[in-house]
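Next come the chains, spelled out residue by residue.
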Amino acid sequence: NAGVTQTPKFRILKIGQSMTLQCTQDMNHNYMYWYRQDPGMGLKLIYYSVGAGITDKGEVPNGYNVSRSTTEDFPLRLELAAPSQTSVYFCASTANGGDSNQPQHFGDGTRLSIL
Amino acid sequence: GEDVEQSLFLSVREGDSSVINCTYTDSSSTYLYWYKQEPGAGLQLLTYIFSNMDMKQDQRLTVLLNKKDKHLSLRIADTQTGDSAIYFCAETSRGGNKLTFGTGTQLKVEL
């Protein structure tokens, strides 16, 4: 099993450009999450999904959009890239919700710079 | 909302014990977790503790939970250079769909 796969690993964008960060998992997990990680700030939840067709906002959703048309895929879209969105983005998935001893499985991250 | 706090840095010598501390505010937390992040990688679950437990031991790792003070700690015995990483504590509450992560503690192990 590949687990959680994120693409691309690195990307540099110009201000105002758009892009989609891809995330796919092959574990048939219902729950999927997008986080951003900034130095000294830990992980902040952007959006999450509890199943195909259902998405919810996290702590920092502004400037991002998501969709969940299949169980496997949970893409994150930046429509108008801004320097404040320079960060490392992690996708994660889990079989059950947070109230469980099932861990979240993380991808290796996408390092995004907006110049 | 929920808040989880950690100190940012810890430096220890190889062979010593490391203790990483975490405080949280959500009194309804059910599971508390420790994740490890190595450079350039995602987070991996190290261990977890259910809120009705005080202690959990797993080889070199000991987790202590003081629910009254909302304080969680991770002790790593005989710390090795391979333990150098960022350690995150995280918590979730009953019925919750998501985790709240701490800011992470960078552990540096010196020879």
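What this report covers is the structure whose coordinates are included nearby. Just so it is clear, the structure is predicted and the values come from calculations on it, not from any experiment.

All right, on to the overall build of chain A then. For chain A, the count of helices and strands is zero helices and 11 strands. In chain A, the succession of helices and strands from N to C terminus is β-β-β-β-β-β-β-β-β-β-β. Taken over C-alpha atoms, the radius of gyration comes to 13 Å for chain A, in line with the 13 Å a tight globule of 115 residues would show. Over its C-alpha atoms, taken along the principal directions, chain A stretches across nearly 40 × 30 × 25 Å.

Moving on to the side chain of Ser87(A). Residues and elements named next belong to chain A. Within the secondary structure, Ser87 sits in strand β9 (residues 87-94). Given the relative accessible area of 7%, Ser87 is considered buried. A distance of 3.0 Å separates the side chain of Ser87 from the backbone oxygen of Gln37, its partner in a polar contact. Leaving out residues up to four positions away in the same chain, Ser87 has contacts with Arg36, Gln37, Asp38, Thr110, Arg111 and Leu112.

Let us look at the interface of chain A and chain B. Chain A puts 23 residues into the contact, and the matching count from chain B is 24 residues. Between chain A and chain B the total buried area reaches about 1800 Å² when both faces are included, carbon and sulfur atoms providing 55% of it. Applying the counting criterion to the chain A and chain B interface returns four residue pairs in polar contact (both at pLDDT 80 or more). At the level of elements, β4 (31-37) and β5 (43-51) of chain A are the ones that each hand at least two residues to the side of chain A that touches chain B.

Overall, the coordinates contain 15 aromatic pairs over all chains when judged by the stated rule. In this structure an aromatic cluster arises from ring pairing among Tyr33(A), Tyr35(A), Tyr48(A), Phe90(A), Phe106(A), Tyr31(B), Tyr33(B), Tyr35(B), Tyr48(B), Phe50(B), Phe88(B) and Phe101(B). Over the face of the ring belonging to Phe74(A) we find Arg68(A), whose NZ or CZ atom lies 5.9 Å from the ring centre.

All names here are of chain B. Ordered by their spatial adjacency, five strands build an open sheet running β1-β3-β8-β7-β6, and the pairing between neighbours is antiparallel. Strands at the two margins of the open sheet, each flanked by one partner only, are β1 (4-6) and β6 (55-58). When the angles between neighbouring strand axes are averaged without regard to direction, this sheet yields 15 degrees.

Turning next to the sheet that holds strand β3 (residues 19-25) of chain A. Strand pairing in a sheet is mediated by backbone hydrogen bonds. Such pairs are either parallel or antiparallel. Residue and element names in this part refer to chain A. Spatially, four strands are ordered β1-β3-β8-β7 in an open sheet, and the strand pairing comes out antiparallel. Edge positions in the sheet fall to β1 (4-7) and β7 (64-66), since each has one partner strand and no second. Strand-to-strand twist of the sheet, defined as the mean angle between neighbouring strand axes without regard to direction, takes the value 20 degrees. Bridge analysis of β1 against β3 gives four bridges, and the strand direction is antiparallel. By the bridge assignment for β3, Thr5 is matched with Thr24.

Per the counting criterion, the structure on display carries seven salt bridges over all chains. For Glu59(A), the salt bridge goes to Lys44(A), with nearest N and O atoms at 3.9 Å. On the criterion of sequence distance, the pair formed by Glu59(A) in the loop between β6 (54-57) and β7 and Lys44(A) in strand β5 is long-range, its members being 15 residues apart. Taking relative accessible area as the criterion, Glu59(A) reaches 53% and is therefore assigned exposed. Classification of Lys44(A) as partly exposed rests on a relative accessible area of 26%. The closest approach of N and O atoms between Glu38(B) and Lys36(B), which form a salt bridge, is 3.2 Å. For Glu38(B), a relative accessible area of 38% puts it in the partly exposed group.

What follows is about unusual backbone geometry. Note that the residue after Thr7(A), namely Pro8(A), is joined by a cis bond; omega there is -10 degrees. The backbone of Asn28(A) shows a phi angle near 60 degrees, a positive value even though the residue is not glycine. Among the secondary structure elements, Asn28(A) is positioned in the loop between β3 and β4. A positive phi angle is found at Asp78(B), which is not glycine, with a value near 50 degrees. By the secondary structure assignment, Asp78(B) is in the loop between β8 (71-76) and β9 (85-93).

What counts and how
Residues numbered from 1 in each chain as written. Chains lettered and ligands numbered in written order. Predicted model: local features only at pLDDT ≥ 70, side-chain atom pairs only at ≥ 80, totals over all residues. Heavy atoms only, no water. Helix = DSSP H or I, 4+ residues; strand = E, 2+ residues; numbered from the N terminus. Rg over C-alpha atoms; globule rule 2.2 N^0.38 Å. Buried < 20%, exposed > 50% of the residue type's maximum accessible area, 1.4 Å probe, protein only. Polar contact = N/O pair within 3.5 Å; in protein donor to acceptor, adjacent residues only side chain to side chain. Contact = heavy atoms within 4.5 Å. Buried area = accessible area lost by both parts, 1.4 Å probe. Phe/Tyr/Trp six-rings, centres within 6.5 Å; stacked < 30°, edge-to-face > 60°. Lys NZ or Arg CZ within 6 Å of the ring centre and 35° of its normal. Pairing = 2+ DSSP bridges. Axes fitted to C-alpha atoms, helices over the stretch in contact; angles between N-to-C directions. Salt bridge = Lys/Arg side-chain N within 4 Å of Asp/Glu carboxyl O.

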